[in-house]
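# Coordinates in review
Take a look at the letters that make up each chain.
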Amino acid sequence: EAGVAQSPRYKIIEKRQSVAFWCNPISGHATLYWYQQILGQGPKLLIQFQNNGVVDDSQLPKDRFSAERLKGVDSTLKIQPAKLEDSAVYLCASRAGFVAFFGQGTRLTVV
Amino acid sequence: TQLLEQSPQFLSIQEGENLTVYCNSSSVFSSLQWYRQEPGEGPVLLVTVVTGGEVKKLKRLTFQFGDARKDSSLHITAAQPGDTGLYLCAGADSNYQLIWGAGTKLIIKP
């Protein structure tokens, strides 16, 4: 079974630029999460989708972050404009039952 | 707001020693998962515990779910350098929402 695919693996941008991350969840998984993980800390939920609908985006900084999952499969997360404090690993996960399966993440460095 | 507290936050021990990591909450969870994350990678599932009092063993790792399904522990026997990583617990509530602990950073020195 293929895992959760994310791209790119690494991205370096200057502050105030924009960036987009892509996620392809495990086939058939209706629930998709985007997490932000600061080095050495646990994941912080940014947004949760159930199919193509948003379940929870209470911790998404909506003035600069946006996410979509138009067809209920792939998802993109965008940051515009980026700030220095956005430097982190962005993890995508999809869920089956109780268990979340993670992609390798995208390491974003904002300089 | 449900919280899941992990302790210790950081642990550095010598190879061969034993250790226990704790995950505690005042809330009841339908299940609890333990993940291990290596630098540069996403978290990887180690185990899921569902029944109160359940004990699962994975080689040198022993996982226990509290009787009341509010807490869990991970015990590693004879730790090895390959056990180094960030250990995360996550509880699933009745709505399948995942609540994450902040993680325990474990370093095993040769």
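Everything that follows concerns the structure shown earlier in this document.
One structure accompanies this document, and this report is about it. Predicted model, so just to flag it, every value in this text is computed and none were measured.

Our focus in this paragraph is the overall build of chain A. When helices and strands are tallied, chain A shows zero helices and 11 strands. In chain A, the succession of helices and strands from N to C terminus is β-β-β-β-β-β-β-β-β-β-β. Taken against the 2.2 N^0.38 rule, which gives 13 Å for 111 residues, the C-alpha radius of gyration of chain A at 13 Å falls within 12% of a compact globule. If you line up chain A on its principal axes, its C-alpha atoms span 40 × 25 × 20 Å. Pairs at least 24 apart in sequence give 50% of the contacts found in chain A among residues at least 6 apart. In chain A, 13 positive and 9 negative side-chain charges are present, and the distance between their average locations comes to 3 Å.

Residue and element names in this part refer to chain A. Relative to strand β8 (residues 75-79), strand β7 (residues 65-68) runs antiparallel, the two being bridged by four bridges. Across the sheet, glutamate 68 pairs through a bridge with threonine 76, a residue of β8. As consecutive antiparallel partners, β7 and β8 are separated by six residues, and within that stretch glycine 72 has a phi angle of approximately 75°, a positive value.

The subject of this paragraph is the nonpolar core. Within soluble globular proteins, side chains that are nonpolar tend to cluster in buried spots. Within the largest apolar cluster, 22 residues are counted, with the highest numbers of intra-cluster contacts made by Leu19, Leu32, Trp34, Leu74, Ile76 and Leu106 of chain B. Every element with two or more residues in this core is listed here: β2 (10-14), β3 (19-24), β4 (31-37), β5 (44-49), β7 (61-65), β8 (71-76), β9 (85-92) and β11 (104-109) of chain B. With residues near it in sequence (within four places) discarded, leucine 106 of chain B still touches Leu11, Leu19, Ile76, Asp83, Thr84, Gly85 and Tyr87 of chain B. Formed by 21 residues, the second largest nonpolar core is a distinct cluster that contains Phe21, Leu32, Ile47 and Cys92 of chain A.

Below, the discussion takes up the interface of chain B and chain A. Contact residues are listed per partner, giving 20 residues for chain B and 21 residues for chain A. When the two sides are added together, the surface that chain B and chain A hide from each other amounts to roughly 1,600 Å², 56% of it contributed by carbon and sulfur. Three residues, Tyr96, Gln97 and Trp100 of chain B, lead the burial of chain B against chain A; their summed loss comes to 30% of the area buried on that side. Counting residues per element, the side of chain B that touches chain A draws most heavily on β4 of chain B, which supplies four residues.

Here we come to the environment of serine 72 of chain B. Residues and elements named next belong to chain B. Secondary-structure assignment places serine 72 in strand β8. Not counting residues within four places of it along the chain, the set of residues in contact with serine 72 comprises Val21, Tyr22, Cys23, Leu32, Trp34, Val49, Gln64 and Phe65. At 2.9 Å, the side chain of serine 72 forms a polar contact with the side chain of tryptophan 34. A polar contact is formed between the side chain of serine 72 and the backbone oxygen of glutamine 64, at a distance of 2.7 Å.

Take the packing of aromatic side chains next. Think of a pair of aromatic rings as described by two things: how far the centres are apart, and how the planes are tilted against each other in angle. For the structure shown, the criterion picks out nine aromatic pairs over all chains. Relative to tyrosine 90 of chain A, the ring of phenylalanine 21 of chain A has its centre 5.0 Å away and its plane inclined at 25°; by these criteria the two rings are stacked. Remark: tyrosine 90 of chain A occurs in strand β9 (residues 88-96) and phenylalanine 21 of chain A occurs in strand β3 (residues 19-24); sequence separation between them is 69 residues. You'll find phenylalanine 21 of chain A and tyrosine 90 of chain A in the same group, each marked buried. Counting every residue linked through ring pairs, the aromatic cluster contains Tyr33, Tyr35 and Phe102 of chain A together with Tyr35 and Trp100 of chain B.

Residue and element names in this part refer to chain A. The step from serine 7 to proline 8 runs through a cis peptide bond, and the omega angle for that step is -5°. Looking at where proline 8 falls in the secondary structure, it is placed in the loop between β1 (5-7) and β2 (10-13). Residues glutamine 80 and proline 81 are joined by a peptide bond in cis, for which omega reads -5°. At asparagine 51, a position not held by glycine, the phi torsion is positive, near 55°. With respect to the helices and strands, asparagine 51 occurs in the loop between β5 (44-50) and β6 (53-56).

Here the focus is the sheet that holds β3 of chain A. All names here are of chain A. With antiparallel pairing, the four strands of this open sheet are ordered in space as β1-β3-β8-β7. Here the strands that pair on one side only, and so sit at the sheet edges, are β1 and β7. Taking each pair of neighbouring strands and ignoring which way they run, the sheet shows an average axis angle of 15°. As paired strands, β1 and β3 are joined by three bridges and run antiparallel to one another. Across the sheet, residue alanine 5 finds its bridge partner in β3, namely asparagine 24.

Quick notes on the rules
Residues numbered from 1 in each chain as written. Chains lettered and ligands numbered in written order. Predicted model: local features only at pLDDT ≥ 70, side-chain atom pairs only at ≥ 80, totals over all residues. Heavy atoms only, no water. Helix = DSSP H or I, 4+ residues; strand = E, 2+ residues; numbered from the N terminus. Rg over C-alpha atoms; globule rule 2.2 N^0.38 Å. Contact = heavy atoms within 4.5 Å. Lys, Arg positive; Asp, Glu negative; His and termini not counted. Charge placed at Lys NZ, Arg CZ, Asp CG, Glu CD. Pairing = 2+ DSSP bridges. Core = buried A, V, L, I, M, F, W, Y, C linked by side-chain atoms within 4.5 Å. Buried < 20%, exposed > 50% of the residue type's maximum accessible area, 1.4 Å probe, protein only. Buried area = accessible area lost by both parts, 1.4 Å probe. Polar contact = N/O pair within 3.5 Å; in protein donor to acceptor, adjacent residues only side chain to side chain. Phe/Tyr/Trp six-rings, centres within 6.5 Å; stacked < 30°, edge-to-face > 60°. Axes fitted to C-alpha atoms, helices over the stretch in contact; angles between N-to-C directions.

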